[in-house]
Amino acid sequence: MRSEDGQTIRLEDYRPTDFILHSMDMTVRLFEGSAEIDTRLVLERRDGVAEDVPLVLDGDELTLTGLVLDGTALAADAYEAAPERLTVRSVPARDRFLLDIATRIVPEDNTKLMGLYRSNGIWCTQCEAEGFRRITYFLDRPDVLAPYKVRIEADKAAAPVLLSNGNPAESGDLPDGRHFAVWDDPFNKPAYLFALVAGDLDSIREPFTTASGRQVDLVVHTEKGRAGQAGYAMDALRRSMVWDERRFGREYDLDVFNIVAIADFNMGAMENKGLNVFNHKYVLLDPQTATDGDYAGVETVIAHEYFHNWTGNRITCRDWFQLCLKEGLTVYRDQEFSADERSATVQRIGEVRKLKAHQFPEDQGPLQHPVRPTEYREINNFYTATVYDKGAEIVRMIATILGQDGFRQGMDLYFERHDGDAATIEDFLACFEAATRAELSHLAVWYNQAGTPTLSVREEYDAAADRLTVTLRQSLARGAAGTRTDPVHIPVRFGLVGSNGQDKEATPTHGADVEGDVIHLTEAEEVLVFENLGEKPYLSVLRDFSAPVNLDFPQSEADRLALARLDPNLFNRWSALNDLTGEALLRACREGGATAAAPLPPEIVDAVLATAADAALEPAFRAQALALPAEPDIARMLGRDVDPQIVHEVVQAARKAIGTRGVQVFERLAAEMATPKAFSPDAESAGRRSLANAALAYLTAATGDPAAAEAQYASASNMTDRLAALAILVHRFPDAPASQEALADFYQRFETDELVLDKWFALQATIPRVEALDTAITLTGHPKFSLRNPNRVRAVLGTFAAANQLAFHRQDGAGYRWIAGKLVELDRLNPQIAARIATAFRSWRSFDEARRDQAETTLRQLVETQGLSTDLRDILGRSLK
Ligand code: TRP
Ligand code: ZN
């Protein structure tokens, strides 16, 4: 959206700015229909920069209304002001100078939701990555850091609350019913962390005392009347602050920490210094309107943004190629927080499912890119699962390789060495090497090459010699990105499980580098030999998914069934089961669905049921054991010529088989796990609900009768149970009168709650059948549908394209064509969201020929559309490569 010509930005071209920024003072005057922004920059030419080099500031759709250099208004020929650039020709050669810039913008017209905009009347900002340049001309890049002082003026009735970064300084009244507030941020920061919020907000407040005794005021602001839904977010914030002190020794550093919940927001939330701005989906909750998944999401996002205060804000990124430096690391930190607050195994299963569902297909298709890319056209398109989640996996591998103590030492050094810096991945890795004397050159390769490596494992047991030989190989297909394929450091956590269910002493007598329970595979191939085992052990590899690889290990079904029962590593008990069901389903799909009547052998069904019934295991884990691999996941594993209809039929048949064989187990579980009257969002209670609802789904699949779901819908005392029942009704019995009645009832109950209505829209957009296209078209005609609210757009267009395998990937191409038309409309309003939704096309080459042809035709037509944004063209162009 920034550069009309969409030129490529390259990592290798990085160089520091020609001018140094010393400080930034802003005054923002807000009016109905416009905003006036005055800034005063203290600048200085960098040593060694020639005297004739002009000062060039970034802009985006800006109008300059004033320009003063060292107190003198500049003549028209002394500068050039374009919407996307301000060039000031003669600025002082050596001394510091003052530049006063005035701009005028219209927040009401800002539909891109980048820069300063209005959401339900509230003035708010979003500046990452390049939104600040939509507010004023600036050196808008992350390596330009300065202290900011911000004065906000607005009508007192329209905006009694005026917020910006840092600590509050003065405030007071002005003539004409207006008032002002001044905010002072003493910490150097880049412009992407600037924020301003003004509006009529409600709030809740709580004091917090840091480990060293600093008093902090925590405030969560919401739209009028919704502060009662902010309590859990506040609780999660307090727990995050305590955790970061304990686990990483990191304290909060300002007098106030403000969070604001906003209805119109492009992503989840934003870590602006001292003033986090959130999509209200990740703040507002109560048992009647939010599911357990929503609670977990709020906890995660609150923690994530808070943790950015150190990993992102105190230490920021030198350039946007280093985005994973803050995002991968901060995701790792929020994952560890959730693991500590909830069940570590269940948390890890969830992370791996998500990685395989989103990051693996991205990494194995045309949109693949290294965790640290080397070039981009539009940085907004690189806030990806690869940067975030594979980035977090790399940090996790560092922790696995160094151990928790070594990892902490490296992190301590990172905070000590780079506080206040705009750093790089090299800086980060150097801290771990310096603190532990480890050698991370093979680990570093993970940042630079795209694609998911395959880890092949082969085992051979010589009974006469009582010798187990394990061969490990790694390989990486040369991808579309044309990246090199060097061996990486793959930490393989493993165990040799005896028939008694205990790990054997596992020190290899020959080969590879093994430390405790981790094999360090750094070569293309390594062989390990274990002796004196007493029996053939069950080989449990890649425990806790210790590396983000495709595992190719043709382990016998008998061994896997044993591991599903015995493995002391719970994560691998789950993965043994999941691999067994996944491969059986895959086989059925490959056979064209012919075996769909019985895609799962009875011994596998029994293993699943035994785990589900095992009272020694926590309910959330048992629910995970019952969750079959998702249809897109099976499609990804099939890899080519995918017919989603067959995948769907096979999964349906498997569901019915498990349900039928397990009726007694499920009836018992449904009764045992039923929710007690008083709702509690804790992980244990949520786990019980998820197991009960899994049981309900299987029972319904077995009987083919919606009655039980109908009853639960009617009697539900919380949103988790209500929505689970509604999903069964709407997805399994879309035409049943009971389903239509429940949908109508749901709408009526929650008509005024936009967040709940998003669930109502999404549920219908994801009905698994080709006719759901008509449903989705109808939904976009609903009076409550709007292309201006990203949550609503995601609920209908986003879920339809990304999660409705049958309707989006219709063989006649109608799903593709409809989404393409909507993207053109959406792109004119909000290119960032349009580009995001367009990524649903990314796996088009893996479908069968008819679908492939339809997708390609649609994409080629779409990319030729006049006036598309750089964002959307970038995604379409790369998808077609
Ligand atoms: N940095 C934010 C986060 O943690 C995400 C973000 C990037 C964002 N760009 C944005 C949020 C644009 C909203 C709009 O994770
Ligand atoms: Zn983040």
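Reading the values: the criteria
Residues numbered from 1 in each chain as written. Chains lettered and ligands numbered in written order. Predicted model: local features only at pLDDT ≥ 70, side-chain atom pairs only at ≥ 80, totals over all residues. Heavy atoms only, no water. Helix = DSSP H or I, 4+ residues; strand = E, 2+ residues; numbered from the N terminus. Rg over C-alpha atoms; globule rule 2.2 N^0.38 Å. Buried < 20%, exposed > 50% of the residue type's maximum accessible area, 1.4 Å probe, protein only. Contact = heavy atoms within 4.5 Å. Areas by Shrake-Rupley, 256 points an atom, 1.4 Å probe, with all protein chains shown as cover. Core = buried A, V, L, I, M, F, W, Y, C linked by side-chain atoms within 4.5 Å. Expected span 1.5 Å × (residues − 1). Polar contact = N/O pair within 3.5 Å; in protein donor to acceptor, adjacent residues only side chain to side chain. Phe/Tyr/Trp six-rings, centres within 6.5 Å; stacked < 30°, edge-to-face > 60°. Lys NZ or Arg CZ within 6 Å of the ring centre and 35° of its normal. Axes fitted to C-alpha atoms, helices over the stretch in contact; angles between N-to-C directions. Parallel < 35°, antiparallel > 145°, perpendicular 65-115°, else oblique. Left-handed = near helix turned anticlockwise from the far one by under 90°. Nonpolar A, V, L, I, M, F, W, Y, C, P; charged D, E, K, R; others polar. Donors = N, O, S within 2.8 Å, 3.2 Å for Na, K, Ca; no water. Tetrahedral: all angles 85-135°; square planar, octahedral: opposite > 155°, others 65-115°. Salt bridge = Lys/Arg side-chain N within 4 Å of Asp/Glu carboxyl O. Domains from an automatic or database assignment.

Draft legend 1. Up close: the overall build of the protein. Counting its secondary structure elements, the protein contains 26 helices and 32 strands. In terms of overall size, the protein behaves like a compact globule, its C-alpha atoms giving a radius of gyration of 28 Å where 881 residues would be expected to give roughly 29 Å. Across the 881 residues in the protein, those meeting the buried criterion constitute 61%. When contacts within the protein are restricted to residue pairs at least 6 apart in sequence, long-range pairs at least 24 apart make up 71% of them. Just so you have it, the protein exposes about 32600 Å², and 48% of that area is on carbon and sulfur atoms.

Draft legend 2. Local environment of the nonpolar core. M26, L30, F132, Y148 and F428 are the most contacted members of the largest nonpolar core, which totals 175 residues. The element that contributes the greatest number of residues to this core is helix α5 (residues 385–418), accounting for 14 residues. Among all residues touching M26, those that are not within four sequence positions of it are I37, D38, T39, F132, I135, Y148, K149, V150, R151 and F194. One finds L726, F733, L773 and I837 within the second-largest nonpolar core, a separate group that totals 65 residues.

Draft legend 3. Region of the structure containing helix α3 (residues 323–341). Between its first and last C-alpha atoms α3 spans 27 Å; for 19 residues at 1.5 Å apiece the expected length is 27 Å, and the two agree. The buried fraction of α3 is high, at 17 of 19 residues.

Draft legend 4. Spotlight on helix α17 (residues 719–732). Its 14 residues give α17 an end-to-end C-alpha distance of 19 Å, which sits within 8% of 20 Å, the value for a rise of 1.5 Å per residue. Of all 14 residues in α17, eleven are buried; the element is thus mostly enclosed. What α17 keeps buried is the set M719, T720, D721, R722, L723, A725, L726, I728, L729, V730 and H731. In this structure, the buried side of α17 is in contact with α2 (292–307), α15 (683–703), α16 (707–715), α18 (737–750) and α19 (754–765). If you check the start of α17, you find a side-chain oxygen 3.0 Å away from the backbone N of T720, and it comes from N718.

Draft legend 5. Main features of the packing of aromatic side chains. The tally for this structure, following the rule as stated, stands at 39 aromatic pairs. A ring pair is formed by F407 and F432, whose centres lie 5.4 Å apart and whose planes are at 15 degrees; its orientation type is stacked. Placement of the pair is F407 in helix α5 and F432 in helix α6 (residues 425–436), with a sequence separation of 25 residues. For F432, a relative accessible area of 0% corresponds to the buried category. Residues F428 and F432 carry aromatic rings whose centres are separated by 4.9 Å and whose planes lie at 85 degrees to one another, so their mutual orientation is edge-to-face. Of this pair, F428 and F432 both sit in helix α6, four residues apart, which is roughly one turn of that helix. Of the residues examined, F428 reaches a relative accessible area of 2% and is grouped as buried. The ring of W310 has R250 sitting right over it, with the charged end atom 4.6 Å from the ring centre.

Draft legend 6. Structural view of the environment of D517. One can find D517 in the loop between β28 (513–515) and β29 (518–521). Separated by 22 residues in sequence, D517 and G495 place their C-alpha atoms 6.6 Å apart. In this structure D517 touches V492, R493 and F494, once residues within four positions along its chain are discounted. At 3.3 Å, the side chain of D517 and the side chain of R493 are in polar contact.

Draft legend 7. Spotlight on the side chain of T330. Secondary-structure assignment places T330 in helix α3. Here the side chain of T330 touches H308 through a polar contact of 3.2 Å, side chain to side chain. A distance of 2.5 Å separates a polar atom in the side chain of T330 from the backbone oxygen of K326. In this structure, T330 is in contact with H304, F307, H308 and T311, ignoring residues within four places of it in sequence.

Draft legend 8. Region of interest: the packing of helix α25 (residues 849–863) against helix α26 (residues 870–880). Between α25 and α26, whose axes approach to 10 Å, the crossing angle comes to 140 degrees. By the angle class used here, α25 and α26 are oblique. When you trace α25 past α26, the crossing you get is left-handed. Together, E856, L859, R860, L862 and V863 of α25 and R873, L876, G877 and L880 of α26 make up the contact between the two elements. Looking at the contact of α25 with α26, its residues break down into five nonpolar, one polar and three charged.

Draft legend 9. View of the coordination of the zinc ion (ligand 2). In this structure, H304 (NE2), H308 (NE2), E327 (OE) and E327 (OE) serve as the protein donors to the zinc ion (ligand 2), at separations of 1.9 to 2.8 Å. Every donor counted, the six donor atoms about the zinc ion (ligand 2) form angles of 26 to 160 degrees at the centre, which fits irregular coordination. One chain supplies every donor to the zinc ion (ligand 2), and in sequence these donors are spaced H-x3-H-x18-E. Here E327 lies in helix α3 and H304 lies in helix α2, a separation of 23 residues in the sequence. Grouping residues by exposure puts H304 and E327 together as buried.

Draft legend 10. Spotlight on the pattern of salt bridges. Overall, the coordinates contain 81 salt bridges when judged by the stated rule. One salt bridge connects D173 with K156, and the closest N-O pair in it is separated by 2.8 Å. Of this pair, D173 sits in strand β14 (residues 167–173) while K156 sits in the loop between β12 (146–155) and β13 (161–164); the two residues are 17 residues apart in sequence, bridging distant segments of the chain. We classify D173 as exposed; its relative accessible area is 55%. The class of K156 is partly exposed, set by a relative accessible area of 40%.

Draft legend 11. Up close: the domain arrangement of the protein. By the assigned domains, the protein splits into domain 1 (1–199), domain 2 (316–448), domain 3 (454–539), domain 4 (555–630 + 640–704) and domain 5 (751–881). Here domain 1 and domain 3 have C-alpha centroids that lie 55 Å from each other.

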